[in-house]
Amino acid sequence: MDIVTRDAHTISRRQISENALKVLYRLSKSGYKAYLVGGGVRDILLGMEPKDFDVVTNATPEEIKKLFRNSRLVGRRFRLAHIVFGRDVIEVATFRGHHGETDDKISKSNAEGRLLRDNVYGEIDEDAERRDFTINALYYDISDYSIHSYGGGIRDLDDRTIRLIGDPETRYREDPVRMLRAVRFATKLDMSIESKTAEPINALAPLLKDIPAARMYEEVLKLFFAGKAKANYDMMRDFGLFQPLFPQISALIKEQPNGNTAKMLNAVMTNTDLRVSQDKPVTPAFFYAALLWYPLKQRADDIALESGLSHYDAHVAAMGDVMEQQCRTISIPRRFSTPAKDIWQLQLRLERSQGTRAFKLLEHPKFRAAYDLLLLRGEAEGGNIGKIATWWKSFVEADETERSDIAKSSNKKGPSRNRNAHQRKRRRPKPKSDNSGSSEVKPTNKG
Ligand code: ATP
Ligand code: MG
């Protein structure tokens, strides 16, 4: 262990959030040890702004609970306390210890070595060994403002090296998500993964399949919504980490390494990074809709071929299938999967509604997202979809009067397609298919 005294490092209390300081001081004044740890220390030392502040102490969760009225105990796998200050939450963990011969209620792992429960408490040096990377095992001591560095964390920070603490294979088996964290920190901090830390990843990547889908959802957000989506995607593919999480997409890319799916993935990742850098909102609904578009088309084609369903009905059936399959590895909350399906359905309408009906589509709450996906498809595919995307682009970018002209002129080109569409739509009897619930977006003039 190395100690860096307060005059020999750059962390000042001004860089630590007021709430984190309050928690640290309260613990310390009550006679407990209290440290800032993890990303908070690491990022400040690197001159970056920490995303959140994590505190660690020798007080047990119950003792923490007694000390802070605004606290609640959370977690099963890792029990810890959340101290709540309005919207700000400071996570306070108790030093974790080694696993001796303890009972199942306290610590437990499965046949692959994955830790299912880890609630053995210990001392700070044991806690440091239970952390993932050396750069994350830096502790800022509130009692004397020194930094305690374990396993060479400070040195690795200077050398810009991601190094797992302990035996890499064992540590990945305990928690396969550490493989994704290695990638995420490498891209976020612009560091290299040390060779012993990188070496086992390819072989162990399939272990990601067993991680609960709810946890994976959170990890995927951190990977793709923090401005480094493209870099993480590329590195995940190199390490074989993308396939177990997105099997449907990977299958198509494997078939055609430079096909539409591959192009779509690159475009979505790059666009997401651009939006994040411009402080524009990004939503999992659009992200998953775009990523899974070609798997959806493939599935729809298969269903149409097998069952003889219409193009439209096969498309609707495939939406459920593809989303359900993806949710086996990454559980996408309904508030995102439902609008993702809207975006998918709107693709069919966008493909058909050039003309006066286009005005109606503009008002759809998911129009903008659906239009953005159409543009990406146009770029990936060219051809007919490319032409349709170009038409929509000119329509969307035009002012009101120009829009009417554009709409009318395409009505002339395809008169049977769009004329009186509204009237016909209203009079149309309910279709008798299983999917009648979604007849609202059924094209009125197929064939
Ligand atoms: P960021 O918050 O920027 O994503 P972080 O390092 O703070 O990075 P957190 O997920 O907030 O990451 O975790 C806080 C600390 O807890 C980490 O720095 C690390 O010491 C420890 N930790 C988190 N996840 C794991 C894990 N899967 N295995 C071992 N230690 C972990
Ligand atoms: Mg953190």
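- The protein has the name Poly(A) polymerase I in an unreviewed UniProt entry, where Shewanella japonica is given as its organism.
- Of the comments in the UniProt record for the protein, the one headed Sequence similarities (unreviewed entry) reads "Belongs to the tRNA nucleotidyltransferase/poly(A) polymerase family."

Side note on the nonpolar core
- In this structure, Phe224, Leu241, Phe246, Trp344 and Trp392 are the most contacted members of the largest nonpolar core, which totals 123 residues.
- Counting residues per element, this core draws most heavily on helix H19 (residues 367–381), at 9 residues.
- Two domains each provide a minimum of three residues to this core, namely domain 1 (1–159) and domain 2 (283–420).
- Residue contacts for tryptophan 344: discarding those within four places in its chain leaves Tyr288, Ala289, Leu292, Trp293, Leu296, His315, Met319, Val322, Met323 and Leu373.
- Residues Tyr35, Ala128, Ala137 and Ile165 belong to the second largest nonpolar core, which totals 12 residues.

Quick notes on the side chain of arginine 377
- Structurally, arginine 377 is set in helix H19.
- For arginine 377, a relative accessible area of 0% corresponds to the buried category.
- Setting aside residues up to four positions removed in sequence, arginine 377 forms contacts with Met264, Trp293, Tyr294, Lys297, Gln347, Glu351, Gly382 and Ile385.

Remarks on the sheet that holds strand S3 (residues 54–57)
- Pairing in this open sheet of 8 strands is mixed, and the strands run S1-S10-S9-S2-S3-S6-S5-S4 from one edge to the other. The sheet is open, and its two edges are formed by strand S1 (2–4) and strand S4 (71–74), each paired on a single side. This sheet shows a mean twist of 30° between the axes of neighbouring strands, independent of strand direction.
- Here S4 pairs with strand S5 (residues 80–85) via 4 bridges, running antiparallel. Looking at the pairing, serine 71 lines up with isoleucine 83 of S5.
- Sitting on the sheet, helix H1 (residues 18–29) is in contact with strand S2 (34–37), S3, S5 and strand S6 (88–94), with an inclination near 35° to S6.

What to know about unusual backbone geometry
- Here aspartate 190, not a glycine, exhibits a phi torsion of approximately 55°, which is positive.
- Despite not being glycine, aspartate 279 has its phi angle at roughly 60°, a positive value.
- Relative to the helices and strands, aspartate 279 resides in the loop between helix H13 (260–277) and helix H14 (284–291).
- On the basis of relative accessibility, which here comes to 72%, the residue aspartate 279 falls in the exposed class.

Reading the values: rules and limits
Residues numbered from 1 in each chain as written. Chains lettered and ligands numbered in written order. Predicted model: local features only at pLDDT ≥ 70, side-chain atom pairs only at ≥ 80, totals over all residues. Heavy atoms only, no water. UniProt positions renumbered as here; feature names shortened; annotations may be inferred. Core = buried A, V, L, I, M, F, W, Y, C linked by side-chain atoms within 4.5 Å. Buried < 20%, exposed > 50% of the residue type's maximum accessible area, 1.4 Å probe, protein only. Helix = DSSP H or I, 4+ residues; strand = E, 2+ residues; numbered from the N terminus. Domains from an automatic or database assignment. Contact = heavy atoms within 4.5 Å. Pairing = 2+ DSSP bridges. Axes fitted to C-alpha atoms, helices over the stretch in contact; angles between N-to-C directions.

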